[in-house]
Structure formats: structure tokens, C-alpha cells
Amino acid sequence: MLEPIEVSAEELQHLVSERALKGETVLLNMGPQHPSTHGVLRLLVELDGERVVNVVPDIGFLHTGIEKNMEAKRYWQAEVMTDRMDYLNPIGNNLAYCLAVEALTDLQVPPRAQAIRVILAELQRISSHLVWLGTHLLDLGATSLFLYTFREREFILDIFEMVSGARMMTTYIRPGGLWRDVPAGFEEAVHEFIKLFPRRLKQYEALVTKNPIYRDRTRHIGVLSKEDAMRWGVTGPMLRASGVAYDTRKARPYCGYEQYDFEIPTQESGDVYARYLVRVAEMRQSLRIIAQALDNLPAGPVRSDDRRYMPPPREEIGVSMESLIHHFKFWTEGFSPPKGSAYAAVESPRGTLAVFIESDGTPRPYRVHVRTPSFANLQALPVMAKGAMVADLVAIVGSVDIVLGDVDR
Amino acid sequence: MSDERISAIAAALAERFGGEATQDNNQTVLRLPLEHLLEAVTALRDEFGFQVAEDVTAVDYWQRREPRFDLVYHFFSYENADLLAVRVAVAEGEAVPSITGIFPGANWYEREVYDMFGIPFTGHPDLRRILMPYDWEGHPLRKDYPLGYEEVQFTFNFDEIQGKKVRGRR
């Protein structure tokens, strides 16, 4: 019943070498249904024996038209979709979207909300890196670590469930602050986590860092030079593993990151192993940031009281007619930022995540574009994979840490 | 990031290429005429130290403005943490010179703009659809493209939906 789509040889001619057309090399499809592609990524691999001559990534299998859909939603409704893009980093996606809306509307976020945002974003970074570590090792045949990292990730997801009611699709960060204040027991839970986690991290490192099989399979594999990394727009741990000490949190601080003391871990070799080292070091830095933010957690409100863009507080609605009308109008009509556009970038676990919003003065965004880190990072895959063995391709794809929801949106 | 520095860069380029530099919320925007795009981007890289085309996208002002599209580039420099937005107005069907020769990282972004808005790029090494299927008709992010939906397939209406094939092949 389903007809195959026919693609003529001419259309793909420029993607493969002349040797492929003569039949000297083999063209192999990897994916879209392949466990090592972490979702639905198709790679058209040209092989000379076991050597990779070229890789052509084919994406779009998870394209859900989120940007188009957002244009039909009100600002507060559109945020819900940002969780669904990078499903390992919903807090960071919410944050980037909210920062862009706040730049459009000039909303000021209270300090308590800023600190809680930082704590949650860093917890999210750790949980995302844990998923990466587990699945990357799983790709290479180390099954046990996957179970350990998911145990710690569960701890973090429990904290998210505690604050927002949802484990993954949180939508907890809202334009102007947070949905509501954190519940009692939040600080204790985070304290417990940052006490427990360094020990666990040491256990992981004992399993991986000096493991001869892991080192053999990752060192000098998938090397990305500093220049190539910058030219191709690669960001995040991949860029830092290639020797560029760039971090959005330091270079373009948001949410008060400038007040926290942390380092940017970098490596010079730019291979798969370096990316592993950078990500593990980043988890330690995230713990440092969380500890500082938690120790100096300010008291006070968690959302702005700018009534142009914020609903009235719950307790006012029962006693004030104006507030009731405002509440009704806010949740039916939405709010209208002034005309113009804004661009806000955050450091997601995968790199620079930026949201561009254009407003035409109505309650619905005129255009939303999300610059997702995985999209640009995946672009550099052919650069890294040329000349590698086909078995190393799995390690290289894993080291990019792609989330296909983030690539395809 | 120093705002005066970027404003000065934008003003200098605006004067040189007959553009206009403005401040739009948290971005410094340089509006350029299409014919000077490549020269200006080359100058950004060679003279002002911009290292990456962080983002390339477009906005469709259908029935609101002529020319219809705005291409929006965001250039970034890791060394100075400078961020500059460059906007170019493009009419429907008008070809835009590709900046992949200057910033190779713009490759997939230009493909996405081509896929979603139907803006063709000249000099692009591999201009194919990227997110939508090969044989898709139309460009989804254009404002005259309806949001639409797909009817859910069940066993009782499978043949009926297969027969319709509303947009694109299923």
C-alpha cells in the first residue's frame, strides 16, 4: 500500500564520491531505525571496506512543525511546546523561551526566581549528561553504567516532579519568573543530591576513565580541530573538547550566572574521549553552581508583579473585581508584547540554545525560531567521521550527544 | 559583550554599505541591502572578528510588507562575545547569495530556510530540503501555508485516507 519514494541518482550524485558511482565503494543506510542513532537519524554512509569515505546525515524524521504551531498559540501556550523539542533538557528550553519573552516585554525577574532557575537548569544539565553517559557507553557495549546513571537521573526527575508535578515536561519556568514557589523539602532534596552525587560520579569514573577498552575505542577517534569546530558552528561540550573555552553562561551571562564561581572545563585533543572528560568535569562544575545558589537562596517573590504581562495573584481575585476581570482577560486573551524582536541564548547541555521571537504586537508570536545546538553539532559529523572505521562511527555519533527532537523540532 | 562596541561596528558597516543600524530589544540589528550582503559578511569575518553564523532564519511578512521576507542572520564572535543581527529584505522568488563560503556552518541553516520559506540560495553546495520529505509540496513556514492537520489513520478509514493524499505523499 505504501509506495517507495523514488530519488533519482542525479539528485544524490553530489553527495557521494565518483568511486561510488563506479561501484567501487559501498553505500550503506544506517538508520532511521538503528539503536545507536539515538532516535530517528538516518546516515547514508559510503564505505570503502570498513573505512568511512563520507557520511550524509538525513534528518527530519521527527519534525513536528513546532515553530509553525507556536505562531498559532498565545505566548503562554507556546511555551508548552518548548519542552517537547529537547526532551532531555525541558528546563533549559523553557528558560531560553522565557528569556526571549522577557527581553521583548522588559519583564524583571525577582532574585529568588533567578536562583531557582539556575539550580534547576544545572540539575537538568547533570541529568542530561547522565543520559548521555549511559547511552554512549551502551553504544560501545558497556551495559552496566546505563543502569547506574539512570538511577541518579531518577533522583533529579523526582526533584522536578516535586516542584512542577511533571518529571519531564515541566513548563515550570514561566515568563516573569516561575509557575510557583518551590515546595517545602526542595532544599533538603537538592542538598541530599549534591552530597550523594560526587561519590557516584567517582564510581562512574572508576568504571570508565581508565578503562582500556573505552580508551582504545575513543582516543584519537572523531577528532574535530579547533578551527573546524568554530567554522561549523559547533557549540557546547564539543567545542570545549576542541580547546575553545567558550560558555554562554560566562560570555553572555543570564539569570545571574555572573555571580557564581565556576570554571569552563576544556580539553585540547577534540576527540571522543575529550568530550567524555569535558562532560564529566561539567557535572562537577554544575554541582558547584548548585551548592552556591542553594546556600544563598534569597527569600521573596518568585514572579514579577508587572501586571501588563502577569496574571493577578490568586488571593486578590476573590476580593477585587478588577483583578477578577484581569485574570479572565489574561487567561483568555493572553498578553501582547510590543512590536519588535528579541534573541536570547542559554547554555544547554548540548551547546548554545537560542530563541528568536518576532512580535507584531498581538497576543500570538508572529515568528518563533529556535537555534538548537544539536542541529549545528550534527552538521559537523561528516568532518569528524571521514576516514574513521564504521564501528567508530557509532562512538562518534554518540559523542555528539544529539537529541533528535532538538535537531528536527 | 559591550553594547557600544557592537553599535559602532553596526554603524560603520551601515555607512559603508548603505544600510541602517538600529537597536531592537536586546539585539543590535544591521539592515543591509541584498546586493551588499556577501561583502558585508566578509567584512564581519575579516575585519571585525566574527567567527560563526550562529543562526540563520527568516520571517515572512505576507500581505503586510513588500518585499515579502526578511532573512535574519545572527553572527557571533567567541573572542569578543559580540552578537550582531543582520537583516536583509528579500522578495518572493529572489535568489540570495549563500554565505556558506564564508561561514560553512550556515549550510544546514540555509537549507532549512529554503525548505521552510522557499528562498533559494545561489552558490550553496547542497541545496535540498532538510526537514520535510524530498517530495513535499509547499513551504510550511510561509504565512499563506495553512496550519492544517492530518486525519488519524485507523483500520476502518485507512484506504479512504490513503486515497486522499491531501498534501505530500504519505
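Starting from 1, residues in each chain are numbered consecutively following that chain's sequence as written. Here chains are named by letter from A upward and ligands by number from 1 upward, in the order in which they appear as written. Local features in a predicted model are, by the rule used here, given only for residues with pLDDT of at least 70; side-chain atom pairs are given and counted only at 80 or more, and totals for whole chains, interfaces and linings are based on all residues.

Details of the overall build of chain A
Piece 1. Every helix listed is a DSSP run of H or I at least four residues long, and every strand listed is a run of E at least two residues long, numbered separately from the N terminus. If you tally the helices and strands in chain A, you get 19 helices and eight strands.
Piece 2. Its C-alpha atoms give chain A principal-axis dimensions of roughly 80 × 50 × 40 Å.
Piece 3. Counting other C-beta atoms within 10 Å of a residue's C-beta gives its exposure: the residue is buried at 20 or more, exposed at 12 or fewer, and partly exposed in between, where C-beta atoms are placed from the backbone. Classification of the 409 residues of chain A by burial places 49% in the buried group.

Structural notes on the overall build of chain B
Piece 1. A count of helical and extended segments in chain B gives four helices and seven strands.
Piece 2. The order of helices and strands in chain B, counted from the N terminus, is α-β-β-α-β-β-β-β-α-β-α.
Piece 3. Overall size of chain B, expressed as C-alpha extent along the three principal axes, is 65 × 30 × 25 Å.
Piece 4. Here chain B, with 170 residues, has 41% of them falling under the buried criterion.
Piece 5. In this description, a residue-residue contact is defined by the distance between C-beta atoms placed from the backbone, which must lie within 7 Å. Of the contacts formed within chain B by residues at least 6 apart in sequence, a portion of 49% connects residues at least 24 apart.

Here we look at the nonpolar core
Piece 1. Among the nonpolar cores identified, the biggest contains 158 residues, and A96, A100, A344 and V355 of chain A together with L84 of chain B are the most heavily contacted of them.
Piece 2. For this core, the element with the most residues is helix α6 (residues 111-139) of chain A, which contributes 14 residues.
Piece 3. Bear in mind that the domain bounds are from an automatic or database domain assignment. Both of domain 1 (9-58) and domain 2 (66-304 + 336-374) of chain A provide at least three residues apiece to this core.
Piece 4. Here A344 of chain A is in contact with A96, L99, A100, A103, A354 and V355 of chain A together with N26 of chain B, once residues within four sequence places are set aside. Structurally, a nonpolar core is described as a collection of buried Ala, Val, Leu, Ile, Met, Phe, Trp, Tyr and Cys residues joined by way of C-beta atoms within 7 Å.

So, the pairing of strand β2 (residues 42-48) of chain A
All names here are of chain A.
Piece 1. Two strands pair when backbone bridges link them, and strand β1 (residues 26-30) and β2 are joined in this way by five bridges, in the antiparallel orientation. Within β2, the position partnered with N29 by the bridge is L44.
Piece 2. For two strands to count as paired, DSSP must find a minimum of two bridges between them. Pairing analysis gives seven bridges linking β2 to strand β3 (residues 51-58), with the strands arranged antiparallel. Counterpart to L43 in the pairing with β3 is P57.

Things to note about the sheet that holds strand β8 (residues 367-371) of chain A
All names here are of chain A.
Piece 1. One open sheet accounts for three strands, arranged β6-β7-β8; its pairing is antiparallel. In this open sheet, the two edge strands, each paired with only one partner strand, are β6 (340-348) and β8. Along the sheet, successive strands turn relative to each other by an average axial angle of 10°, direction set aside.
Piece 2. Note that β6 and strand β7 (residues 351-359) share nine bridges and pair antiparallel. Note that in β7 the partner of S341 across the bridge is E358.
Piece 3. Between N-to-C directions, angles cover 0 to 180 degrees, with each direction set by a line fitted to C-alpha atoms, over the stretch in contact for helices. Lying on the sheet, helix α5 (residues 90-105) is in contact with β6 and β7; it crosses β6 at an angle near 150°.

Topic: the domain arrangement of chain A
Piece 1. With domains assigned, chain A is organised as domain 1 (9-58) and domain 2 (66-304 + 336-374).
Piece 2. Taking the mean C-alpha position of each, domain 1 of chain A and domain 2 of chain A sit 32 Å from one another.

Overview of the sheet that holds β1 of chain A
All names here are of chain A.
Piece 1. Here we have three strands laid out as an open sheet, ordered β1-β2-β3, and antiparallel in their pairing. A strand with exactly one partner marks an edge of an open sheet, and here the two such strands are β1 and β3. Mean inter-strand twist for the sheet, computed between neighbouring axes without regard to direction, equals 25°.

Observations regarding the packing of α6 of chain A against helix α13 (residues 272-295) of chain A
All names here are of chain A.
Piece 1. α13 packs onto α6 with a crossing angle of 155° between their chain directions and a minimal axis gap of 9 Å. In this view, α6 runs roughly antiparallel relative to α13, as classed from their interaxial angle. Handedness of the α6/α13 crossing: left-handed. Between α6 and α13, the residues in contact are A115, V118, I119, E122, L123, R125, I126, H129, W132 and L133 and R279, E282, M283, S286, I289, I290, A293 and L294, respectively.
Piece 2. Partitioned by chemical class, the residues of the contact of α6 with α13 number 12 nonpolar, two polar and four charged. An angle counts as roughly parallel when it lies under 35 degrees, as roughly antiparallel when it exceeds 145, as roughly perpendicular when it falls between 65 and 115, and as oblique in every other case. Helix crossings are classified by the rotation of the near helix relative to the far one: an anticlockwise turn of less than a right angle makes the crossing left-handed, while a clockwise turn makes it right-handed. Amino acids are sorted into nonpolar (Ala, Val, Leu, Ile, Met, Phe, Trp, Tyr, Cys and Pro), charged (Asp, Glu, Lys and Arg) and polar (every other residue, Gly among them).

What to know about the pairing of strand β4 (residues 69-77) of chain B
All names here are of chain B.
Piece 1. When you tally the buried positions in β4, you get eight out of nine residues, the bulk of the element.
Piece 2. In this structure, strand β3 (residues 52-60) lies alongside β4, joined through eight bridges in antiparallel fashion. Counterpart to A58 in the pairing with β4 is L71.
Piece 3. Both β4 and strand β5 (residues 82-90) contribute to a ladder of nine bridges, which runs antiparallel.

Digging into the packing of helix α8 (residues 186-208) of chain A against α13 of chain A
Residue and element names in this part refer to chain A.
Piece 1. Put simply, α8 and α13 touch, their axes get as near as 11 Å, and they point 160° apart. Classified by the angle their axes make, α8 and α13 are roughly antiparallel. As α8 packs across α13, the resulting crossing turns out to be left-handed. The segment α8 lies against α13, with E187, V190, H191, I194, F197, P198, L201 and E205 engaging V280, M283, R284, L287, I290, A291 and L294.
Piece 2. Counted by class, the contact of α8 with α13 contains 11 nonpolar, one polar and three charged residues.

Observations concerning the interface of chain B and chain A
Piece 1. Taken together, the 33 residues of chain B in the interface contact 37 residues of chain A.
Piece 2. The set of elements that each furnish at least two residues to the side of chain B that touches chain A consists of β3, β4 and α3 (107-117) of chain B.
Piece 3. The leading source of residues in the side of chain B that touches chain A is β3 of chain B, at six residues.
Piece 4. Partitioning the side of chain B that touches chain A into residue classes produces 18 nonpolar, nine polar and six charged.

Brief notes about helix α18 (residues 390-400) of chain A
Residues and elements named next belong to chain A.
Piece 1. In terms of burial, α18 is largely enclosed, as nine of its 11 residues are buried.
Piece 2. Residues D392, L393, V394, A395, I396, V397, G398, S399 and V400 constitute the buried set of α18.
Piece 3. Phi turns positive, to about 60°, at D401, one or two residues after α18.

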